[in-house]
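# Structure assessment
Each chain is listed here by its residues.
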Amino acid sequence: MTTESPRSAPPSARRGLPGHALRVVLVLFFSFPVVFMLVSSFKPDQQIFGDLGSPRAFLPVGSLSLENYTAVFDRVPAVRFLLNSVGVSAVTIVLGILVNSLAAFALSRMRWPGRKLLLTVVIATLIVPFETFALPLVWWVSKLPWLELNGFSLTLTEGWLDTYRVQVLPFVANAFSIFLFHQYFQSIPKELDEAALIDGAGWFGIYRRIVMPLSGPAIATVAILTFLPAWNSYLWPLMVVQDEELRPVMVGIQYFFQLNVSWGQIMAYSSMITVPVLALFLAFQRSFINSIASSGVKG
Amino acid sequence: MTAAVPPLPRPRRARGGTLSTARRREGVIAIGMAGPAVLLLLVFFVIPVGLAFALAFTSARLISPTPARFVGLRNFAMLAEDPVFLRSVLNTFAFAAVVVPVQAGLALGLALLVNGRFRGTNFFRTVYFIPVVTSMVVVSIVWTFLYRKDGLLNRIIDAVTFGHVQGPDWLNDPSTSLAAIVFMSVWQGAGFHMIIWLAGLQTIPAELHEAASIDGVSRWTRFRFVTWPGLRATRTFVLITITISAFSLFTQVNVMTQGGPLDSTTTLVYQAVRSGYQQQQTAYASAISLVFFVLVLIVSLVQRHLTREKD
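For every chain, the first residue of the written sequence is number 1, and numbering continues from 1 onward in sequence order. Here the convention is simple: chains get letters from A, ligands get numbers from 1, in the order in which they are written. At least 70 in pLDDT is required for a residue's local features to be given in this predicted model, at least 80 for side-chain atom pairs to be given and counted, and no such filter applies to totals for whole chains, interfaces and linings, which use all residues. Remark: hydrogens and water are excluded; side-chain values derive from all non-hydrogen atoms of the structure.

### Some thoughts on the overall build of chain A
Across its full length, chain A holds 15 helices and two strands. Taking 2.2 N^0.38 as the reference for a compact globule, 299 residues should give roughly 19 Å; the C-alpha atoms of chain A span a radius of gyration of 25 Å, well beyond that estimate. Overall, chain A is about 75 × 70 × 35 Å in size when its C-alpha atoms are taken along their principal axes. Here chain A, with 299 residues, has 51% of them falling under the buried criterion. At a minimum sequence separation of 6, the contacts of chain A that also span at least 24 residues come to 65%. Computed with a 1.4 Å probe, the accessible areas rest on the Shrake-Rupley method; for each residue, only the protein chains presented here act as cover. Total accessible area on chain A is roughly 13,900 Å²; 67% of this is exposed by carbon and sulfur atoms. We treat Lys and Arg as the positive residues and Asp and Glu as the negative residues; His and chain ends play no part in the count. One atom stands in for each charge, and that atom is NZ of Lys, CZ of Arg, CG of Asp or CD of Glu. One way to put it: in chain A the 20 positive side-chain charges average out to a point 13 Å from where the 16 negative ones average out. Numbering of helices and strands runs from the N terminus; a helix is a DSSP stretch of H or I covering at least four residues, while a strand is a stretch of E covering at least two. For a compact globule the rule gives 2.2 Å times the number of residues to the power 0.38, and the radius of gyration it is set against comes from C-alpha atoms. Using a 1.4 Å probe on the protein chains alone, a residue whose accessible area is under 20% of its type maximum counts as buried, one over 50% counts as exposed, and one in between counts as partly exposed. Between two residues, a contact is recorded if the distance between any of their heavy atoms is within 4.5 Å.

If you want it as structure tokens, here you go:
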């Protein structure tokens, strides 16, 4: 190690074996609970406990079956919970991309009164965690009115508890998404706007035909950063959704866990709501990592 | 607009009248575009934050036939005498005091380990990041099993020490319950901040490292005088985000221990949810929220100040 020549070997190669051993140990450290969960979801309870004392706990060996999974579907409306979460996440993502990119467009490319005020609010929301106003928000949404269409008559109802909209609308406008779009839009030359205005395009046309088609990476980042908290949301639906029909997956599994029936089934349910996200992550690894990285660059 | 009028070459340089009409049009359209976001932020951020302040001084309940009354500082006086609340403040601080440095440090170590070009960089980053994409609810459930008295963790301890050390019943023992939650939380969150550190590391010009290694400087010195100063902005961001999420501790507690045993894992947010939602005392929960809000604000400001001064 003392006679190393910096030209022939890149610095990282010199870290050599100890570094590599450490990296491998860390792979085991960060993956064992997830591997254990996946493997156990196929085993009967007795075998899960029996395998604990040996490496078999992490291996798909013994009597494996899908019984835990079928039992979960028999006991609880797990499909319904999955569909609820998919729906809530999808609508939040689509509305979020639309609403936040429009606001960012107005902020970054147009002059209007109220611009400064919106920027201030956006920056404030970045440092105030949701948990600080979640409880007053529960009280507030329990009082909010809503127009409901019954046949041909509109009726005014009070209270947003136990609805889909209460799971979606509070999370649509997002300061961080506005911020990301804003940063990205700044990099698109403004001369394009002027040229388009001369050609008779309107501001909305510029947004739709010029700026948004050039903003693919920003859209992907916002989609990912909206998806993860939407899919994982727990505290909020725990408080505002009582109706089992509207329950999302994380609250669903919490209730299932409290019944404390069978660890095999709990692991099956856990795997069921984790594997789709893991699959998405592995498929779009680069986008995921870049999204997270971008959240740090301009804190 | 008729076809006979030639298009203006540059709208901004047109005569005064046209200019202000264009400006006004621009303003109206911009407000229309920003409108939905402004409205949603107003209803779901500005008003609720304002309510946290206002309701804390009232007797508001979640579902109540009588309207809320102004009660002054009564809720805060009650907080000051509530032993469970005081315990939750203590626990929250203890949790943050350990998680913030340990998670930030571990994440930086990971980032340094996987920063560079060698075979499998991507594989290692991906695996270290897996806990981050696993929901905290699922992580908490799986670890509840691992932490059982007869669970996997104690079996591993047993095997490694050849039966000399007997692991405790981690989550049901008041002396280990919070530590168990700390350990799991660091495990889950480290990958996230590893990515943030990596992004920071990549902003440091490679020439600086090359120059240092040609000069034969030791790896530690290089870290101390090239890498560490180059991570200043990242450092502030990492510290503040970990602190805020540590102060917001709720999910792990609600899934794993419900604040127990003997209030050893109860936290500020957990208490706020308990009083505001389970007991429907919105006003009392708002007072807790307000305390929480002020704490987060103070800690963020202090950290921002400290990290700024050092360099």
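### Focus on the overall build of chain B
From N to C terminus, chain B includes 13 helices and zero strands. Its helices and strands in sequence order give chain B the pattern α-α-α-α-α-α-α-α-α-α-α-α-α, from N to C terminus. Its C-alpha atoms give chain B a radius of gyration of 27 Å, more than 25% over the compact-globule value 19 Å for 311 residues. With the principal axes as the frame, chain B shows a C-alpha extent of 95 × 75 × 40 Å. For chain B, buried positions account for 52% of its 311 residues. Distance between charge centroids for chain B: 15 Å, based on 26 positive and 13 negative side chains.

### Things to note about the interface of chain A and chain B
Each partner contributes to the interface: chain A provides 98 residues, whereas chain B provides 95 residues. The term buried area refers to how much accessible surface (probe radius 1.4 Å) is lost by two components on association, counted for both of them together. Summed over both sides, the interface of chain A with chain B buries roughly 8,700 Å², with 77% coming from carbon and sulfur. Per-residue buried area on chain A facing chain B is highest for Phe-30, Arg-111 and Trp-139 of chain A; these three make up 9% of the total on that side. Salt bridge, as used here, is a side-chain nitrogen of Lys or Arg placed within 4 Å of a carboxyl oxygen of Asp or Glu. Put simply, chain A and chain B have zero salt bridges between them. In protein, a polar contact means a hydrogen-donor-capable atom and an acceptor-capable atom, both N or O and within 3.5 Å, with residues adjacent in sequence counting only if both atoms are side-chain atoms; elsewhere, any N or O pair within 3.5 Å suffices. The interface formed by chain A and chain B contains 11 residue pairs in polar contact (both at pLDDT 80 or more). Looking at the side of chain A that touches chain B, the element that brings in the most residues is helix α1 (residues 11-40) of chain A, giving 17 residues.

### A look at the environment of Ser-85 of chain A
Take Ser-85 of chain A: it is sitting in helix α4 (residues 78-109). Residues contacting Ser-85 of chain A, with those up to four places away along its chain left out, are Trp-231, Pro-248 and Val-249 of chain A.

### Examining the environment of Thr-265 of chain B
Residue and element names in this part refer to chain B. Relative to the assigned elements, Thr-265 resides in the loop between α11 (251-256) and α12 (268-278). Residue classification places Thr-265 among the buried positions, given a relative accessible area of 0%. Here the alpha-carbon distance between Thr-265 and Thr-176, two residues 89 residues apart in the chain, equals 9.7 Å. Non-local contacts of Thr-265, meaning those with residues more than four positions away in its chain, are made with Asn-91, Ser-177, Leu-178, Ile-181, Val-253, Thr-257, Gly-259 and Gly-260. A polar contact of 2.7 Å, which involves the side chain of Thr-265, links it to the side chain of Thr-257. Within the structure, the side chain of Thr-265 is placed 2.7 Å from the backbone oxygen of Gly-260, a separation counted as a polar contact.

### Re the packing of aromatic side chains
Pairing of aromatic rings covers Phe, Tyr and the six-membered ring of Trp, with a centre-to-centre limit of 6.5 Å; geometry is then stacked below 30 degrees between planes, edge-to-face above 60, and tilted otherwise. Taken as a whole, this structure holds 40 aromatic pairs over all chains when the rule is applied. Between Phe-30 of chain A and Tyr-128 of chain B, the aromatic rings sit 5.4 Å apart at their centres with planes inclined by 50°, giving tilted as the arrangement. Separated into two different chains, Phe-30 of chain A in helix α1 and Tyr-128 of chain B in helix α4 (residues 121-133) make up a pair that spans both. For Tyr-128 of chain B, a relative accessible area of 0% translates into the label buried. A ring is considered to have a charge above it if a Lys NZ or an Arg CZ atom is located within 6 Å of its centre and within 35 degrees of its normal. Of note, Arg-165 of chain A hangs over the ring of Trp-160 of chain A, and the distance from its end group to the ring centre comes to 5.0 Å.

### Remarks on the domain arrangement of chain B
Segmentation into domains, and thus their bounds, comes from an automatic or database assignment. Domain parsing of chain B yields domain 1 (11-55) and domain 2 (75-310). Averaged C-alpha coordinates put domain 1 of chain B and domain 2 of chain B at centres separated by 39 Å.

### Re helix α8 (residues 175-186) of chain A
With 12 residues, α8 of chain A ought to run about 16 Å at 1.5 Å a step, and its terminal C-alpha atoms sit 16 Å apart, in line with that. Between the side-chain oxygen at the start of α8 of chain A and the backbone nitrogen of Phe-176 of chain A there is a gap of 2.7 Å, and the oxygen is on Asn-174 of chain A. What a helix should span is 1.5 Å times the count of its residues minus one.

### A few points about empty space enclosed by the protein
All names here are of chain A. Here a cavity is any set of points on a 1 Å grid over the protein atoms alone where a 1.4 Å probe fits but cannot get out, and a pocket is any open set with protein on both sides within 12 Å along at least 5 of 7 lines; a residue lines the site when it has an atom within 4 Å of a point. Grid points are joined across faces, edges and corners, and a volume is the space filled by probe spheres set on the points. Within the structure shown, the criterion is met by four cavities of 30 Å³ or more. In this structure, the largest cavity spans a volume of roughly 40 Å³. Taken together, Ser-85, Val-88, Ser-89, Gln-167, Ala-230, Trp-231, Ser-233 and Pro-248 make up the lining of the largest cavity. Every element with two or more residues in the lining of the largest cavity is listed here: α4 and α11 (216-232). When residues of the lining of the largest cavity are assigned to their parent elements, the largest contribution, three residues, is made by α4.

### Quick notes on the side chain of Ser-262 of chain A
Residues and elements named next belong to chain A. With respect to the helices, strands and loops of the structure, Ser-262 is situated in the loop between α13 (249-259) and α14 (263-283). Of the polar contacts made by the side chain of Ser-262, one reaches the backbone nitrogen of Gly-264; its length is 3.3 Å. At 3.0 Å, the side chain of Ser-262 and the backbone nitrogen of Gln-265 are in polar contact.

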